[in-house]
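# Topology and contacts: notes
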Amino acid sequence: MTSERISSPRPTAWRQYGREMSVGVFLLLLLAYFGTTPGFLQASNLRDILINAAPLTIAACGMSMVIIAGMIDISAGSVLAVCAVVAGLTAKSGAPLALIVLLPMLAGAAIGAVNGWLVAYLRIPAIIVTLGMMSVLRGGIIWYTRGEWIGNLPPSFSAVGRGEVGGIPVPVLLAMGVVLLTALLLARTPLGRHIYAVGGNPVAAGRMGISVRRVLWLVFVLHGALLGLSALVYASRFSVIQSNAGAGFELLAISAVVVGGVNIFGGQGTVWGSAVGALLLQVISTGLIFRRVSEYWAPSVQGALVLLAVVADALRTRRLGR
Amino acid sequence: MRVRLPRREAVLLILLAVEMAAMQSLSPLFLTADNLIEVVRQSAEIGLIALAMTLVIITAGIDLSVGSVVGLSIMVMGMLWEDAGLPIAVSALLALLAGTLCGVFNGALITAVGIPPLIVTLATMAGFRGIALGMSQARSIRNFPEGFLWLGQGYVLGIPVQVWVLAVCALLFHIALTRTAWGRSVFSIGANEPAARLSGIAVNRLKRQVYALSGFMSALSAVVYAAHVSVAKPDAGLGFELTAITAVVLGGTAVSGGEGGVLGTLIALLMVGFLRSGLTLARVPSEAQDMMVGLLLILVVAIDRWSRKEKG
């Protein structure tokens, strides 16, 4: 393997995106597998899968940046709930569409700023910060809404979740836009390169003159803003917002990212892979419903998929001798 | 390091006393023997998990799957008893085995393949919960025999049975951690893993033991919990990991590993228990309590970091 790497100086597409492509191939195999069930491969069902995968895809992009930077966020589901409530209340107050979009993103960014400050500047491990934040936000939002659902949402609100532009559903458009923008950010901007550097080796990154703290803080802020957008897309598809919205969403987002080939130790991976990972999870979830598998097994399938992906990655890394 | 630990626990004890005084001023019902015993009883199930979690975190690991192991082993016990018709004692023993196997599975993935504990146990947290829900199809099992319920509702010398269980386990963990070579090895893994490996400690074997122990203690907690609430439900133990980790970290065990002990964990566990009890008596809703426990966790770690930074 090592000699092969030396003998090919220019990275081929397979070498560069092999991990992402293998997830894509797996996705096609799954589609073929579930496709044997009548109705699964119908255009309307595939369209539903794309729409349902949109909030997860958007969140997975932010989570990719967090994990590439060598961090983790397990408060994502609670952040989603808070931002969904913010979006719903803004919509109910009769605010214009711009505010309905902007306020949840600001709320998410603000929470991300707090998380990021605690992680980057006080150097508290991300797992502790976000574990604590998870119960602060979840407890806070249930307390604030008294566990009641937010209903009577105006029709302008559902324009985001159910609308179409040129025949393409708005959630899908938003998801594609976010994937494209975060991919560009990671691959083509100094901040993107710094995120990889910090995740790969924070000490070395610091010596190179990168402000590790600022990069980490920014990553959490961006991730929070994307969670706000994800919450808006998520909430605006339904006529009510539940205060337990997004329970377990953090694991879904981390799963999508890890299945998509982002290295859990940081420093490696792309949002393309994470987007395919999110789609894969949605295909499995819809496919299991078509196959009439009890929904109770779904968490097990998801957990097994994550383990499969990380074990495969670990073995592959070991084989390459890194 | 050795000198620091008792001081940390002394600080915790003072905090605990202040907290109890504050709670007493909120409600005169707080400082009654009945209420105090009730708080300790309510804390026992999570306490059992927190003991093992202390060891896991001392090795610089984490186990997020404990709550799901509770759900899985509680259903193993319930279904073996109700569906397979096994005696409750045998079912409970097999539940302990099931929980231990969960821990062995975690440990094997962590050590054999080298995946971070956070990711492994995050995945098995979903996986074990899914198995508990799937195999039981989300039903609950009730009507356990009287003799079994004694484990969670009975008293010995005026003290609840599960508090005795917790006390015995805590003593064993404390001795194992502070008075044996095994305990010193656990600390050395967390403090400096390569050095521990070089000095001849079987790091991977020890880690597997610690995660197996975590699975076993979660199952023990499940058995006690079932006897306490008289019902086995697959969503049992939801969120236990948060309270257990909060107690461990609050109790002075460093998340970076190599430092800590079960005494601090126990005191912190009582702090959280008394806080919740006092707030409940003061009619603060439980969601607001969740919020405060989360804040407490972040605050204590932040203050700890800050004070270390000040010292240099």
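This text gives an overview of the structure that appears in the document. (Residues numbered from 1 in each chain as written. Chains lettered and ligands numbered in written order. Predicted model: local features only at pLDDT ≥ 70, side-chain atom pairs only at ≥ 80, totals over all residues. Heavy atoms only, no water.)

## Description of the overall build of chain A
Where we set the bar: Helix and strand definitions here come from DSSP, where helices need a minimum of 4 consecutive H or I residues and strands a minimum of 2 consecutive E residues; each element is numbered from the N-terminal end. We compute the radius of gyration over the C-alpha atoms and compare it with the globule rule, which gives 2.2 Å times the number of residues raised to the power 0.38. The buried label goes to any residue with under 20% of its type's maximum accessible area, the exposed label to any with over 50%, and the partly exposed label to all in between, with areas taken from a 1.4 Å probe on protein chains only. Two residues form a contact once any of their heavy atoms are found within 4.5 Å. Accessibility throughout is a Shrake-Rupley quantity obtained with a 1.4 Å probe, and a residue counts as covered only by protein chains that appear here. In this tally Asp and Glu are treated as negative and Lys and Arg as positive; neither His nor the chain ends contributes. Where a charge lies is defined by one atom per residue type: Lys uses NZ, Arg uses CZ, Asp uses CG and Glu uses CD.
Each helix and strand in chain A was counted, giving 14 helices and two strands. Compactness check: chain A gives a C-alpha radius of gyration of 20 Å against a globular reference of 20 Å for 322 residues, within 12% of the reference. Seen along its three principal axes, the alpha-carbon backbone of chain A occupies a region of about 65 × 55 × 40 Å. Counting only residues that meet the buried cut, chain A has 54% of its 322 residues in that class. By sequence separation, contacts in chain A at least 24 residues apart represent 79% of the contacts at least 6 residues apart. Surface accessibility of chain A: about 14,200 Å² in total, with carbon and sulfur atoms responsible for 66%. The distance from the centre of the 22 positive side-chain charges to the centre of the 9 negative ones in chain A is 10 Å.

## Let's talk about the packing of helix α3 (residues 66-82) of chain B against helix α10 (residues 203-229) of chain B
All names here are of chain B. Rule in force here: Axis definition: a line fitted to C-alpha atoms, over the contacting stretch in the case of helices. Angles run 0 to 180 degrees between N-to-C directions. An angle below 35 degrees is read as roughly parallel, one above 145 as roughly antiparallel, one from 65 to 115 as roughly perpendicular, and any other as oblique. Here a crossing is called left-handed whenever its near helix is offset anticlockwise from the far helix by less than a right angle, and right-handed whenever the offset is clockwise.
Packing of α3 against α10 brings their axes to within 8 Å, and their N-to-C directions diverge by 55°. Judged on the interaxial angle alone, α10 and α3 are oblique. The hand of the α3/α10 crossing is right-handed. Listed contacts from α10 to V66, V69, V70, S73, I74 and M77 of α3 are S214, G215, S218, A219, S221, A222, V223, Y225 and A226.

## What about the interface of chain A and chain B?
Put simply, the rule reads: Buried area: the accessible surface (1.4 Å probe) lost by two parts on joining, summed over both. The rule for a salt bridge is simple: a side-chain nitrogen of Lys or Arg has to be within 4 Å of a carboxyl oxygen of Asp or Glu. Residues adjacent in sequence count toward polar contacts only when both atoms are side-chain atoms; beyond that, a polar contact is any pair of N or O atoms within 3.5 Å, and within protein one must be able to donate a hydrogen and the other to accept it.
Counting residues at the interface gives 38 residues for chain A and 42 residues for chain B. Contact between chain A and chain B buries roughly 3,400 Å² in total, counting both sides, with carbon and sulfur atoms accounting for 83%. For the interface between chain A and chain B, the tally reads zero salt bridges. One can count three residue pairs in polar contact (both at pLDDT 80 or more) joining chain A with chain B. Per element, the largest residue contribution to the side of chain A that touches chain B is 12 residues, and it comes from helix α6 (residues 126-145) of chain A.

## What to know about the nonpolar core
To be explicit about the condition: Nonpolar core, defined: a set of buried Ala, Val, Leu, Ile, Met, Phe, Trp, Tyr and Cys residues in which side-chain atoms within 4.5 Å join the residues together.
Grouped together as the largest cluster of nonpolar side chains are 185 residues, with contacts concentrated most on A:I72, A:I128, A:F157, A:I254, B:F144, B:F148 and B:I245. Each residue touching B:I245, except ones within four places of it in the same chain, is listed here: A:I128, A:L131, B:M53, B:I57, B:I62 and B:L64.

## Digging into helix α8 (residues 181-191) of chain B
Helical periodicity: at 3.6 residues per turn, an α-helix aligns residues three or four positions apart in one direction. Of all the residues in α8(B), the buried ones are B:G183, B:S185, B:V186, B:F187, B:I189 and B:G190. Buried residues in α8(B) make contact with α2 (33-58), α7 (161-179), α9 (193-198) and α10 of chain B.

## Digging into a nonpolar patch on the surface
Residue and element names in this part refer to chain A. Condition: By definition, no residue in a patch forms a salt bridge, and every one has over 30% relative accessible area; like charges are joined within 9 Å, nonpolar side chains (Val, Leu, Ile, Met, Phe, Trp, Tyr) within 5 Å.
On the surface, Y17, M21, L180, L181, L184 and W272 cluster together into a nonpolar patch covering about 580 Å² of accessible area. For the nonpolar patch, the elements supplying multiple residues, two or more each, are α2 (13-35) and α8 (170-188). No other element matches the three residues that α8 contributes to the nonpolar patch. Relative to the elements of secondary structure, L180 occurs in helix α8.

## Notes on α2(B)
All names here are of chain B. Put simply, the rule is: Bend angle per residue: angle between axes fitted to the 7 residues ending at that residue and the 7 residues starting there.
At A44, α2 shows its maximal bend, which comes to roughly 45°. Extensive coverage of α2 is indicated by the burial of 19 of its 26 residues. Looking at the residues trailing α2, positive phi occurs at A60, about 70°.

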